[in-house]
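# An overview of the molecular structure
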Amino acid sequence: MSHAARGRHRGPPVGAGRANGRTLPQRRAARPRRRGTLHAMYRTVLVTLSDKGAAGEREDTAADAVRAALGAHAGAPFEEVGYELLPDERPRLRARLRLWCDGGDADLVLTIGGTGLGARDRTPEATRDVLDREVPGLAERMRAVGMQATPKAALSRAVVGVRGGTMIVNLPGSAKGARESLEAILDVLPHALDVLRGEGRGDPSAWHA
Amino acid sequence: MSHAARGRHRGPPVGAGRANGRTLPQRRAARPRRRGTLHAMYRTVLVTLSDKGAAGEREDTAADAVRAALGAHAGAPFEEVGYELLPDERPRLRARLRLWCDGGDADLVLTIGGTGLGARDRTPEATRDVLDREVPGLAERMRAVGMQATPKAALSRAVVGVRGGTMIVNLPGSAKGARESLEAILDVLPHALDVLRGEGRGDPSAWHA
Amino acid sequence: MSHAARGRHRGPPVGAGRANGRTLPQRRAARPRRRGTLHAMYRTVLVTLSDKGAAGEREDTAADAVRAALGAHAGAPFEEVGYELLPDERPRLRARLRLWCDGGDADLVLTIGGTGLGARDRTPEATRDVLDREVPGLAERMRAVGMQATPKAALSRAVVGVRGGTMIVNLPGSAKGARESLEAILDVLPHALDVLRGEGRGDPSAWHA
């Protein structure tokens, strides 16, 4: 099973101390980027945004759904290297995203929740605050696929983009929405992460280059 | 018939004095937000952008088409609480949008016109000037549905978003384009407006939350 | 054959001196805008972004693919009035785009390349730097059509918009991607350029106006 960290995180965040509502990053093994290896691992961080979740009033079933979707993708071994459960606060999320992207420990950050029209939903804004470059096509694809199941998918304001060498993908906060959104782009994520790492550069067949 | 104000506005704006080209808001009855009622009413404002319309040189058939589409949606009683006909001027539209959103009298503002590539088409820019948060999926959906009828729908630069508790939706200026765009999102608008009001919060099945 | 300049540019830029890696604009005949003529010509500039191409290490097959697509469109005579091959450098592209748009010599600038996630891909950012108004629907359409062939089309970050009276369209850098993207919007480009020129204004049937 490629999703090594999966079991560790089914319950509350393990190794992530929470004091005064703050969530601390988990201890991570030093893991140099493996360039050019045949079976790359994509170091993946899950960050759930949920006031009720952060207050301990709700199980984070959406994160579990995301883990299931990641593990089910045979060709793309995503390794969970971090998990956080934060309240819906734009400055805090912004700070955490910066840390994950700039620390060199994550290839992919999946945020979960805060993409809708609720009074405290500010995940897209916090994400855009830190992005170098947006990748609108992945957000469009998540919504277009989602709308085939429910027109309400049009209300997800999810943003996708990159900061430095890390990609950030916003997923909706419902288990169903998060899973369907991720699955809509899972076929193309490995290639995107390879290009971001500097692999696959100069590929003359790359449609999007 | 749920669309109570419909008849009043078939001709030029009633109760909307125009002096020196300025359009004044109509008198509105004080109408507190009804939270949690079974059959919510969505207080809707129509703002048409048209130099020729504002000069009295063209009938506002697009607004009529929008009214017909709103009234035809059985489950979503939209109540027209204001109508304005403005020339294509970004600062003025911006000011009017701010007033409608911040005054607490409108749940939904539908602008009509000014979304294309014409020299004076600046509705999306004026809208973006005042938005707190964009909802790109609704604009994407309007265009995607429109393109099924005509590829020219790709040229609509319409923006959708929210300012405070009010949603703003840009519609194209042709009667056909305005109606088709609105119909493309009409099934999901009531839910969006409910979430914006604070109803439906905490709904674990909300795909987009 | 409507694509008059086609033969001239199959090899390296003719009439475009390159010193210290800089590409100078080609000499162009003074060509007043023809308004209201039956068969309008759209003065088209191709700007390819490619470090390897600019260094003379790669043939610009993508530009050839774009020329083929332009020439194949019977109803829309695009005339190539300029061609440049630049390295992937945001400030230089920005400067060239400004010059082409503000000089009054181009109706359409097609950039080729630099739309992906590679470390030096900054074409969308340079484009957005100079745009007055974005036309998101054309970028959405290019990606949506591209995704029918390959999900990787979602990774194109291409932007479309206008500056003054000139439209700028980003195309991907692969021959296949560039051709497919252009073909996805070729049916609507002439109408878009006509509206931008001030023709077709006041057309009440314009869906997007």
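What you are looking at is a predicted structure, and each value in this text was computed from that prediction instead of being measured. (Residues numbered from 1 in each chain as written. Chains lettered and ligands numbered in written order. Predicted model: local features only at pLDDT ≥ 70, side-chain atom pairs only at ≥ 80, totals over all residues. Heavy atoms only, no water.)

### Quick word on the relation of the copies chain B and chain A
Overlay of chain B on chain A (RMSD 0.0 Å): rotation 120°, translation along the axis 0.0 Å. Both chain copies can therefore be described as sitting about a three-fold axis. Judged by C-alpha distance, B:Glu140 is the residue of chain B that lies nearest the rotation axis, at 4.5 Å. (Least-squares fit on C-alpha atoms with pLDDT ≥ 70 in both.)

### Things to note about the confidence of the model for chain A
Residue and element names in this part refer to chain A. With 77% of its residues at a pLDDT of 70 or more, chain A shows a mean pLDDT of 84. Predicted confidence is poor over residues 1–38, with pLDDT under 50, and the contacts of this stretch with residues over four places away or in other chains come to 70 contacts. Across the predicted assembly, pTM comes out at 0.84 and ipTM at 0.82. (pLDDT = per-residue confidence, 0-100. Contact = heavy atoms within 4.5 Å.)

### Some thoughts on the interface of chain C and chain A
Listed as interface residues are 32 residues of chain C and, on the opposing side, 25 residues of chain A. Interface of chain C and chain A: buried area, both sides summed, is about 2300 Å²; carbon and sulfur atoms make up 62% of it. Looking at the side of chain C facing chain A, the largest losses of area belong to C:Leu117, C:Lys152 and C:Leu155, adding up to 29% of the total buried there. Our count for the contact surface shared by chain C and chain A stands at 1 salt bridge. A salt bridge links C:Arg143 to A:Glu140, with the shortest nitrogen-to-oxygen separation between them at 2.7 Å. At the level of elements, α5 (136–149) and α6 (175–185) of chain C are the ones that each hand at least two residues to the side of chain C that touches chain A. Ranked by the residues each element gives to the side of chain C that touches chain A, the list is headed by α5(C), at 5 residues. (Buried area = accessible area lost by both parts, 1.4 Å probe. Salt bridge = Lys/Arg side-chain N within 4 Å of Asp/Glu carboxyl O. Helix = DSSP H or I, 4+ residues; strand = E, 2+ residues; numbered from the N terminus.)

### With respect to the relation of the copies chain C and chain A
Take chain C, turn it by 120°, move it 0.0 Å along the axis, and it overlays chain A with an RMSD of 0.0 Å. Counting the interface residues of chain C, we find that no more than 3% of their copies in chain A are interface residues as well, pointing to two distinct contact surfaces.

### Concerning the pairing of strand β4 (residues 78–86) of chain C
Where a strand is regular, its side chains alternate between the two sheet faces. Residues and elements named next belong to chain C. Burial within β4 is extensive, with 9 of its 9 residues counted as buried. Across 8 bridges, strand β3 (residues 42–49) lies against β4 in parallel orientation. Each bridged residue has a counterpart across the sheet, and for valine 45 the counterpart in β4 is glycine 82. (Buried < 20%, exposed > 50% of the residue type's maximum accessible area, 1.4 Å probe, protein only. Pairing = 2+ DSSP bridges.)

### Some words on the interface of chain B and chain A
Contact residues are listed per partner, giving 25 residues for chain B and 32 residues for chain A. Between chain B and chain A the total buried area reaches about 2300 Å² when both faces are included, carbon and sulfur atoms providing 62% of it. When the buried surface of chain B facing chain A is broken down by residue, B:Arg133, B:Trp207 and B:His208 rank first, second and third, together holding 38% of it. Taken together, chain B and chain A are joined by 1 salt bridge. Taken together, the connections running from chain B to chain A amount to 10 residue pairs in polar contact (both at pLDDT 80 or more). Residue assignment for the side of chain B that touches chain A shows that the elements contributing at least two residues are β6 (133–134), α5 (136–149) and α7 (189–197) of chain B. In terms of residue count, the dominant contributor to the side of chain B that touches chain A is α5(B) (5 residues). Taken together, the residues of the side of chain B that touches chain A sort by class into 13 nonpolar, 5 polar and 7 charged. (Polar contact = N/O pair within 3.5 Å; in protein donor to acceptor, adjacent residues only side chain to side chain. Nonpolar A, V, L, I, M, F, W, Y, C, P; charged D, E, K, R; others polar.)

### Brief notes about the layout of surface pockets
Approximately 1100 Å³ is the volume attributed to the largest pocket. Partitioned by chemical class, the residues of the lining of the largest pocket number 20 nonpolar, no polar and 26 charged. (1 Å grid on protein atoms, 1.4 Å probe; cavity = no way out; pocket = protein on both sides within 12 Å on 5 of 7 lines; lining within 4 Å. Points joined across faces, edges and corners; volume = space filled by probe spheres on them.)

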